[in-house]
Amino acid sequence: MSAELTQSGAEILLRALKDQGVEVIFGYPGGAVLPIYDALFNQNAIRHILVRQEGGAVHAAEGYARSTGKVGVVLVTSGPGATNAVTGLVDALMDSIPIVCLTGQVPTHLIGNDAFQEADTTGITRPATKHNYLVKRAEDLARVVHEAFYVARSGRPGPVVIDLPKDIVINPAPYAEPAAQHPSYRPRTEPDLGQIAKAVALMKQAKRPMIYAGGGVINSGPEASAALTKLTRLTGFPITNTLMGLGCYPASDPQFLGMLGMHGTYEANLAMHDCDVLLAVGARFDDRVTGRLNAFSQGSQKIHIDIDGSSINKNVPVEVPIMADAGKALNALLAAWQASDDPVDKPALASWWREIDGWKAKDSLKFTQDMKRGGIIKPQYAIQRLFEITRARGKEVFITTEVGQHQMWAAQHFHFEQPNHWMTSGGLGTMGYGLPAAMGVQIAHPDACVIDIAGEASILMNIQEMGTLAQYRLPVKVFILNNQYMGMVRQWQELLHGSRYSETYSAALPDFVKLADAFHATGMRAQSVDQLDDVINAMLDCPTAVIADIAVDQAENCFPMIPSGAAHNEMLLGPEHEASGAGITDAGLALV
Amino acid sequence: MTPRAPDVPSPARNLVHVMLSPTDTTQRSATISVLVDNESGVLARVIGLFSGRGYNIDSLTVAPVDAGGLHSRINVVTSGTSMVIEQIKAQLDRLVPVHRVADLTMDGPHVARELALVKVIGTGEQRVEAMRIADTFRARVVDTTLGSFVFELTGNVEKIDAFIELMRDLGLAEVSRSGIAALARGTRVI
Ligand SMILES: Cc1ncc(C[n+]2csc(CCOP(=O)(O)OP(=O)(O)O)c2C)c(N)n1
Ligand SMILES: [Mg+2]
């Protein structure tokens, strides 16, 4: 190495991060990353947020990434630091979130020796990441960092790990600018115009069209959501969103049928079932969406836009595959639609809408709230009021969730007009996601109102991050729908396992008000419906972080529900509706 | 062989434009060649993809194939329904160090060859018979003692299977097979 190498690997690392536009790192120190922390100490360009557990760092970076469209950055030490990060990495992989995770490693000469805090991080994270690197030579360091950012954000985004042996960050290293082109990874983003023409021809003749849009539209950027909205309005087609896609189309729009899938609306699922042309954009036909595959939208011809070729024809074969960036493909569709003279079948479309309106009239999300003083709060009502009150206040609101019934109720009863304002763990379903994710969102949007809609069980999985909120004065609001049960599991036990509530009661819960207090936050509690609005208002007025413990009906189930292994038209509706649905088959019982 | 320069933009994988049917359970075998960066972990990535997603590996070979040793070619023989094979190709194609994926079985005629070393232990008439059969298979003797042979045989998988089958009654002791190497016929390259 030449004598003019004056910067250490750690300094080169930070320089590369700066050149990638990194402003914030979520991390936790340890022996293997001490040189990096030393370099961080000596600079001001990059802010470091000290989490309380490495799992929290990855979810925080996910929240940061999802609410900004930027790459989230994580820094953890070797061994346990890296293994603690694995859940977050898989979460980001499943939900296609761009993350670069820097992990410390023992020095290169000790690798393979079972050294203190050594773990085979690249081995462990290979199936947990989109790609990973072990940097073994100083001259590779800067190139690998730039490449990692490129890989994380290009194509279908995902998490990338860079494993950094301690000697690599201590020793001098040369700097390298980002390369103009990656040698092998160049995902296609432009749509094939022949396929676009085929898609428009299909859409023009449709008698019962349907648009099904997912998280890929959000990942593609706000222009994609704008193009989708324009196209949908121009065509007059009904549209549904996946759990990941909520916000990519304005929920208040009359063409929006709500979320589809296992806990989707009656109208969205029946329209999927009965449509004759289905336009799927940035959605991957996952099992929570399709229900029983051989009964899924059997009568439709399908157009599928996805940037990930492996998502096309994976579960459901499609007539018109379009491998492209969602935004570019939607804009191409829009242009081709406008240029085409083919007529649309207006009478057919009108009668399709009449049918859909009939399903809508069923009001499948209906619930009844006892408004008397002392009335037990329905969880749906708590979300509805949270939505109405925050909307009336007009401040920008970001919602994260944990995993369970509360997550589904939030998806059903909180409505999103814009992309990037709804952050939930969809693919992996990670309890403990919401609080750290909210932290990451609040870092990126210090003046916004950031609320984690939580369950009393999930919140305990990463409760330590309350400490991080206190340290950085992040006024995140934790809104717990406390049903004293792992409600979603309890619901399955009720419906599928003879109401044998095996290990799902949330026994020995902490006093959440005191817990908030212990973490320098503000605690509050609503026991009955007459207290709900006051607590929500107090929470929103509070300048500090808040835990609001909302006691809700313990027996409430989340409906509608398509049981595992059932078809879209075999939906269970709630007690508000007359008996419905096919129930659960033995084959369905074996499914998750 | 010289692989195409890696800086030629990777052509977008041809998406199947024929309809695949999930109810079609017919299994087919596919010989897939993958051109990858010759970097550490790349084989683990490919194998992990197959094991993690439950795909079959019937044969697998890997070796650097260019002068600089920058690129390796992986040949994998797998089997599954058409939908599964298309998935396998798409999954391989999106791995970061993968330059190109070719389905030699689907894309046209191809040649596939395997090398086997076969140890046969025996004396007397058995030994003579083993030698005679080896001759008709054009196997070479690469090691011999008074009581044993090691034959080297190349050919397609069926030929090697047949040879090994015949050796069973003649003192077959041990087999080492390379897995297949494969190329498209004619002027086509990966
Ligand atoms: C880390 C993790 N462990 C287990 C599960 C399985 N699981 C899904 S929902 C749930 C219960 C969640 O309970 P709570 O947070 O109280 O939410 P509720 O359903 O009651 O609204 C469990 C245990 C999971 N999703 N994630
Ligand atoms: Mg609960």
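Residues numbered from 1 in each chain as written. Chains lettered and ligands numbered in written order. Predicted model: local features only at pLDDT ≥ 70, side-chain atom pairs only at ≥ 80, totals over all residues. Heavy atoms only, no water.

### Considerations on the pattern of salt bridges
Residue and element names in this part refer to chain A. Summed over the entire model, instances satisfying the criterion amount to 32 salt bridges over all chains. The partner of Arg143 in a salt bridge is Glu147, with the nearest N and O atoms 2.9 Å apart. In this pair, Arg143 and Glu147 both sit in helix H6 (residues 141-153), four residues apart, roughly one turn of the helix. Residue classification places Glu147 among the buried positions, given a relative accessible area of 15%. Between Arg385 and Glu388 there is a salt bridge, and its shortest N-O distance comes to 2.4 Å. Of this pair, Arg385 and Glu388 both sit in helix H15 (residues 379-393), three residues apart, which is roughly one turn of the helix. Here Glu388 falls in the partly exposed class, since its relative accessible area comes to 25%. If you follow the salt bridges from partner to partner, you end up with Arg137, Glu139, Asp140, Arg143 and Glu147 in one network. (Salt bridge = Lys/Arg side-chain N within 4 Å of Asp/Glu carboxyl O. Helix = DSSP H or I, 4+ residues; strand = E, 2+ residues; numbered from the N terminus. Buried < 20%, exposed > 50% of the residue type's maximum accessible area, 1.4 Å probe, protein only.)

### Observations regarding the interface of chain A and chain B
With 29 residues of chain A at the interface, the matching set in chain B holds 27 residues. Together, the buried faces of chain A and chain B total about 2,300 Å²; carbon and sulfur atoms form 57% of this surface. Together, Arg126, Ser184 and Arg186 of chain A form the three largest contributors to the area buried by chain A at its contact with chain B, with a combined 24%. Here chain A and chain B share one salt bridge between them. Between Asp308 of chain A and Arg94 of chain B there is a salt bridge, with the nearest N and O atoms lying 2.9 Å from each other. Counting the contacts that link chain A with chain B gives five residue pairs in polar contact (both at pLDDT 80 or more). Sort the elements by how many residues they give to the side of chain A that touches chain B and strand E12 (residues 320-323) of chain A lands first, with three residues. Each residue belonging to the side of chain A that touches chain B can be placed in one class, and the counts come to ten nonpolar, ten polar and nine charged. (Contact = heavy atoms within 4.5 Å. Buried area = accessible area lost by both parts, 1.4 Å probe. Polar contact = N/O pair within 3.5 Å; in protein donor to acceptor, adjacent residues only side chain to side chain. Nonpolar A, V, L, I, M, F, W, Y, C, P; charged D, E, K, R; others polar.)

### Quick look at helix H10 (residues 222-235) of chain A
Residues separated by three or four positions in an α-helix point in the same direction, a consequence of the helix having 3.6 residues per turn. Residue and element names in this part refer to chain A. For H10, with 14 residues, the first-to-last C-alpha span of 20 Å sits near the 20 Å given by 1.5 Å per residue. Listed as buried for H10 are Ala224, Ser225, Ala227, Leu228, Thr229, Leu231, Thr232 and Thr235. Downstream of H10 by one or two residues, Gly236 has phi in the positive range, about 75°. (Expected span 1.5 Å × (residues − 1).)

### As for the side chain of Glu54 of chain A
Residues and elements named next belong to chain A. For Glu54, the location among the structural elements is in helix H3 (residues 54-68). In this structure Glu54 is buried but unpaired, with Arg52 as the nearest side chain of opposite charge at 11 Å. A distance of 3.0 Å separates the side chain of Glu54 from the side chain of Asn84, its partner in a polar contact. The contacts of Glu54, once residues within four sequence positions are left out, are Tyr28, Val76, Gly81, Asn84 and Ala85. (Lys, Arg positive; Asp, Glu negative; His and termini not counted.)

### Overview of the confidence of the model for chain B
All names here are of chain B. Considering every residue of chain B, the mean pLDDT works out to 91; 91% of them sit at 70 or more. Long-range and interchain partners of residues 1-14, a stretch whose pLDDT sits below 50, account for 31 contacts in this model, where long-range means more than four residues apart. Scored by ipTM, the complex comes to 0.92, with pTM at 0.95. (pLDDT = per-residue confidence, 0-100.)

### Focus on the domain arrangement of chain A
All names here are of chain A. The domains assigned to chain A are domain 1 (9-170), domain 2 (193-360) and domain 3 (379-551). For domain 1 and domain 2, the distance between their C-alpha centres works out to 37 Å. Each partner contributes residues to the interface: domain 1 has seven residues there, and domain 2 has six residues. Roughly 600 Å² is buried in total at the junction of domain 1 and domain 2, and carbon and sulfur atoms are behind 51% of that figure. Linking domain 1 to domain 2 there are one salt bridge. Its salt-bridge partner being Arg156, residue Asp308 comes within 2.8 Å of it at the nearest N-O pair. Counting across the domain 1 and domain 2 interface gives three residue pairs in polar contact (both at pLDDT 80 or more). The class makeup of the residues in the side of domain 1 that touches domain 2 is two nonpolar, two polar and three charged. (Domains from an automatic or database assignment.)

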